[in-house]
Each structure stands twice: as C-alpha cells, then as structure tokens.
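# Chain and residue survey
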Amino acid sequence: MALNSHPTRLSARNITLGYAGAPIVQGLSLELPAGKVSYIVGANACGKSTLLRGLARLLSARSGAVLLNGADIHRMPTRALARELGILPQAPTAPEGITVSELVGRGRSPHQGWFRQWTGADDDAVAAALSVTGTLGLAGRTVDELSGGQRQRVWIAMALAQETEVLLLDEPTTYLDLAHQVEVLDVVSELNARRGTTVAIVLHDLNLAARYADHLVAMKAGRVVAEGKPEAVLTAALVREVFGLESVVVPDPVTGTPLVVPLGRRAALLGAGASLAGAPA
Amino acid sequence: MSVLDKAQLPAGAAVLGGAWVRERRKAPRRRRAWVAGILGAAVAGLFFANVLLGSYTVTVPDFLRLMGGAEIPGASFIVMENKLPQALLGLLAGASFGVAGAIFQAMLRNPLASPDIIGISYGASAAAVAAIVVFGARGAGVSLAAMGGALVVAVLITWLARGRGGTGLILVGIGAAAFLQAAVTFLLSRADTGNARDVMVWLSGSLAPANWQRVAFLAAALLVLLPLAGPGARQLRGLALGADTAAGLGFNVPRARLLLTLLGVLLAALPTAAAGPIAFVAFLSGPIARRLNNGAPSLAVAALVGAGIVLAGNLAAVNAIPRVSLPVGVVTGALGAPFLLWLLISSNRSNQGG
C-alpha cells in the first residue's frame, strides 16, 4: 500500500476527562503528529490510559474537544469514526470459544452494515492483518488455547484489520516477553512506514518507547510535562520529575536513542551508583 | 521474524491469503449448520413423541387423518385439544426461553445472568398472577402484565446494581427472584383457586394450561420478535468483546445493550405468560448450545436446545410416573439445580464466571 499523502491528524483541545470523582486529566491539549508514531509514558495512574480513552471517545470529555482532521469526534457517527480511528484497549478479553480468524474478522465490523455484508475484501484485510502479526498459521485455532504472546498479537491483528488511519494502543506489550514486545512494536512501526498510519501507544517501558517513538509524550498527574523527539525530551531530570526516580540517561548502544538506567537503592548499596554516574557515554 | 509462528504456517497459506482465511472462517459455520440440523431433527422427534406417545398412544396414520380434518372419537379431543397445543407451546416457549437466556448470558458475559436466575421470569410470573388474581385478567391482558412485570424487574435490578458490574447485577437479581417467588406464592394463597396445578404453573412452569389461543398468541409474538434476533446476534458479537473494544469497533454500546435487554426481557416474559416460568430452561440452553457448538455462542442453536429441553422434559414429566402427570418445570428444575451447582463450583475454581 502506498504511503498516505494526507495522514490523519488527531488532537485534543483543552480536554478534561474523568470518571465519577475528581477529573483525572485536566485542561490537556495535545496534537498527535500526523503520520508519526507517538508514545505516551508516565507513572502509574498519571492519566495516560484515560487520555487514550478520551482520544478514542470511549470516554466523553467533560470540557474541550477531540478533533479528527478538525472535526469533533463526538459529533461523528460511531461507525464512521471506527473506520477512521481504531483503539485496542488494555488487556482485552476474548469471548470463549472464538477462533482467531473470527476475532480478527470482528475488526471488520465498522466496514459492514445492513446492506454491506462480508466480502472477499474483508477476507483479504484479515489475511493481511494476520500475516503482518505472524498469526496466519493460528487462523483456525481458538483464542483460548493460545499463549499470552500469541493472544496479544491476535488482538493487534484485529485492530489492524480495522484498517484505520489512526491507531491507538493501550499497553500493547502487556504479558509479552522481551522478544515479543520488540516484535509487536516493530509491527506497528512497519505499519506506520507502509501506510502512514498515525499511531499513539501508551507504554510502560520507557526505553522501548524512546527507541521506537517519533514523538514522546511524558505525562504527570493528568497533564503533559514534556513532548518532542525522545533525544530532546528524555533526560535524567525528566525521569526524576515524572517517575520520581534517580537515573542516568545514556545513548542506546544500538540506536543512539536515550536509554534510561535507573540507579535504585541496590546499586547504591553496592557502591555502583557513583561509578555509573560517571560512566562514559 | 524468528519468534513468529512460521513453523505452524501450512505451506502456501501466505500465498493464498484471503482464500485461506475464508476457509478457516467457514469451518465454524459448517459445524454450526451440522449441529443445528441434528438438533432440529431431535426437536422434531421429541415433538412427535410428545404428540403421539403417552397414556393415550396415537398411531401415525391416525395422526395424519386428524391433521387432514378427520374426526376420530377420543383421539380427536386428546390430540387436537390437549397433546398438540401442549407440544406446540413447549416448542415455542422453549425456543423463546433459550434465546432469551443466551442473549443475557452473552451480553453480561456470565452464564448465571439468565432471566430465570436474575428474577426477570419471576417478575413476569408475579405480574401475570397479580393480573389474574387481583384484576381478573385473561388472555392478552395476562401477557401484557407479564411483559410489564418483566420490564419493571429488569429496570429495577439494573438500577439497584448500577456501578456494581455484572456480578452485582446477578446478586441483586437472585435476591429479586427469591422475593418475587414469595410474591407469587402469597398472591396464589390469597386467591380462591386452591388448585395445586395452577400454583405449579406460576411457580415452576407447566404445559398443562396450553390451548390454541395461547399457542397462537405466542406464535404471533415470536414471529415478530425472533427475526430481531438476527441483528441482535450481530450486536451481541460486538458486546461479547467487552464494552471498550465494542465501542472502538463502532458499536453503539448503550443502545445495543438497551435493545438487547428489551428483546431478552420480552422473549422471557411472553412464554412465561403462557406456560409459567419453566424452571432453568433459559439458564441451561445457552451453555449447552455453546458446548455443542464448540464453545461459540449461537442464538439459533440455543433456541433449538431450549425447545429440546422443554419437549424432552415434558415427555419425562408426563410419562415418568404412571397415572401422574407432573408439570414440566419439575423435571427441568431437577435437571437445572445440579447444573447450577456444577457451574458455581467450576466457575469458582477457574475464578471466572464466563
């Protein structure tokens, strides 16, 4: 597929989000760079998942608006929006007994309706999604019998089968070992490179986020404290502010992107902290 | 790409792509068609066994003559006014309960969330009894009261369990069921029926009160409601993924929940108005249908299982003890209770109800 010449823009304008009690995200504005991969990082309960849910209209903004190519997503019909914007929630659960091809096929739901039934194009989209996530060989199996890593890739395949211009992923590497984490993030980067899909990913792992991000967004207490290229944003001072953690930031030996090495009390106990802090870059 | 499951990929799958996926997608459908076909044959067999067998056995040639409009002394009355309407009522009520149960169980992702467990069927029953005993209602009035009662219970338990999730709803519903069962008993004790059979109808369900008017009314109502199960099943497939995923795929989750609840409530209330809350049919049908269908839910298979349970249960209830005709609900209740226990134990062990 050709690179999208008009990548889709998704932005939040001064949004306030929350559940029953006090707002979790307050007066936040954010523009996801069109056609790029953004990673949203922050400590637990900083509101990053809430922000993602707000961007995907799973949660209505109390004030402010989320704009897709300039149009308020809350004024768009849900199915029309689902053809433009896909979201994979954190730790989704598959219905019992569902097969992989059926689950991934559900990703085609927004492309169907009363008069538009399942077609060969849907089969092709499912096959392509299974293929890029390496799950084509699992198509006939039931999701129950898969390993955690396989299951997560099947869910990502479902989100890919939706063929949206914007893709939001909430902790897509949960339950995955390191090899599969890298695999999943590679798949997303390839998708972005091939189709120009605008992607936002909430991720716990700072180092993987720094390595894969075109644009890094750091959040604390419901607001954005820093955003930009990982090289420009990710410093020891930011890690201290966002996570309350002392660290040394060195260049990743493979990619040159920032690599956060936490100090921690054990390193200090062993007397390694001082030598690390002075370690050559 | 070393960690991908290349080893499991059959040769040529990547080349075939869409066609290969199409084959994988067809397999569950083919299985479902087989299951539905075999179940359909079994339900047909049970239906005719109900009509032809029993204390008064009718031969097939006699039955065909009766259907042709012939009068056979004795047989005419027993078949046309008794056995045939009972079997038809069992077929329709079972299918309706089966779909109602499967809708609620799939929507709330919990097999305990069936309308007979969470009080909706008893709501229909209590309202029907109140309409009969207090207001002297008959026919369509009883059905309307049952629908109203079931809807009120559905609204009430949803409101009481708001913010407590699916498990909260089920617990509130079990409480409502117990309360409404007591209400039925109270209302019947105030009435001058004094007839044990009437009491049994409204407490556990029976096909004994079947007549052509009830059959025709239920058939007409189901003719309107069951076609809605098609689009309903599509929405259910979305909701079964969880609210967030479904919304992300463009399903209007609140609207889908509302319409499916309405459909499920009506499908539970209508047969209750005609045959009482036949115990555990809604509860048993969905899980049995899933087991037969390789674990995947299917409203059509659940309808056939529901019809099969009621017809088989009635056959047993009528013929198990010589000269004693038990209400069908006694048999289905006896089958359902052990299943409920098994479900509670096994779901507790695996720490999930779905």
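Let us look at the structure shown here. Counting restarts for each chain, with residues numbered from 1 along the sequence as it is written. Numbering of ligands from 1 and lettering of chains from A proceed in the order in which they are written. For this predicted model, a pLDDT threshold of at least 70 governs which residues receive local features, and a threshold of 80 or more governs which side-chain atom pairs are given and counted, while totals over whole chains, interfaces and linings are taken from all residues. Neither water nor hydrogens contribute to the side-chain values; these are computed over all heavy atoms in the structure.

### Let's talk about the packing of helix α4 (residues 75–107) of chain B against helix α13 (residues 281–292) of chain B
Residues and elements named next belong to chain B. Relative orientation of the contacting elements α4 and α13 amounts to 70°, with a least axis distance of 7 Å. For the element pair α4 / α13, the angle class is roughly perpendicular. By crossing handedness, the relation of α4 to α13 is classed as right-handed. Side by side, α4 and α13 meet where G94, F97, G98, G101, A102 and Q105 of the first sit next to V281, A282, F283, S285, G286 and P287 of the second. By the convention adopted, Pro, Cys, Tyr, Trp, Phe, Met, Ile, Leu, Val and Ala count as nonpolar, Lys, Arg, Asp and Glu as charged, and the other residues, Gly among them, as polar. For the contact of α4 with α13, the class distribution of residues is 6 nonpolar, 6 polar and no charged. The axes used here are C-alpha line fits, helices contributing only the stretch in contact, and every angle between their N-to-C directions lies in the interval 0 to 180 degrees. Secondary structure elements are defined from DSSP: runs of H or I of at least 4 residues count as helices, runs of E of at least 2 residues count as strands, and each element is numbered from the N terminus. Here roughly perpendicular refers to angles of 65 to 115 degrees, roughly parallel to angles under 35, roughly antiparallel to angles over 145, and oblique to all remaining angles. Handedness of each helix crossing follows the sense of rotation of the near helix against the far helix: counterclockwise by less than a right angle gives left-handed, clockwise gives right-handed. The contact definition used throughout considers only heavy atoms, calling two residues in contact when any of these lie within 4.5 Å.

### Concerning the packing of aromatic side chains
All names here are of chain B. For Phe, Tyr and Trp, where Trp contributes only its six-membered ring, two rings pair if their centres lie within 6.5 Å, and the inter-plane angle classes them as stacked under 30 degrees, edge-to-face over 60, or tilted in between. Per the stated rule, a full pass over the model turns up 5 aromatic pairs over all chains. Pairing F47 with F48 gives two aromatic rings, centres 5.3 Å apart and planes at 85°, and the pair type is edge-to-face. Plain terms: the ring middles of F280 and F283 are 5.5 Å apart, the flat faces sit at 50° to each other, and that makes the pair tilted. There is no split in this pair, since F280 and F283 are both buried. Every member of this aromatic cluster is reached through a ring pair, and the members are F280, F283, F339 and W342. Positioned above the aromatic ring of W159, the side-chain terminus of R162 is 4.6 Å from the ring centre. The classification of residues rests on relative accessible area computed with a 1.4 Å probe and restricted to protein chains. Under 20% of the type maximum is buried, over 50% is exposed, and intermediate values are partly exposed. Two thresholds decide whether a charge sits over a ring: the Lys NZ or Arg CZ must be within 6 Å of the ring centre and within 35 degrees of the ring normal.

### Comments concerning the packing of helix α9 (residues 212–225) of chain B against helix α12 (residues 253–275) of chain B
All names here are of chain B. Viewed as axis vectors pointing N to C, α9 and α12 meet at an angle of 170°, and their least axial separation amounts to 10 Å. In terms of their interaxial angle, α9 and α12 are classed as roughly antiparallel. Facing α9, whose interface residues are R214, F217, L218, A221, L222 and L225, α12 presents L263, L266, L267, L270, P271, A273 and A274. The class makeup of the residues in the contact of α9 with α12 is 12 nonpolar, no polar and 1 charged.

### Some words on the side chain of S121 of chain B
Residue and element names in this part refer to chain B. Topologically, S121 is positioned in helix α5 (residues 120–135). Judged by its relative accessible area of 2%, S121 falls in the buried class. In this view, S121 contacts F97, P115, D116, A268, T272 and P277; residues no more than four positions away in its chain are not counted.

Don't take any of this as a statement about function, it's just geometry.
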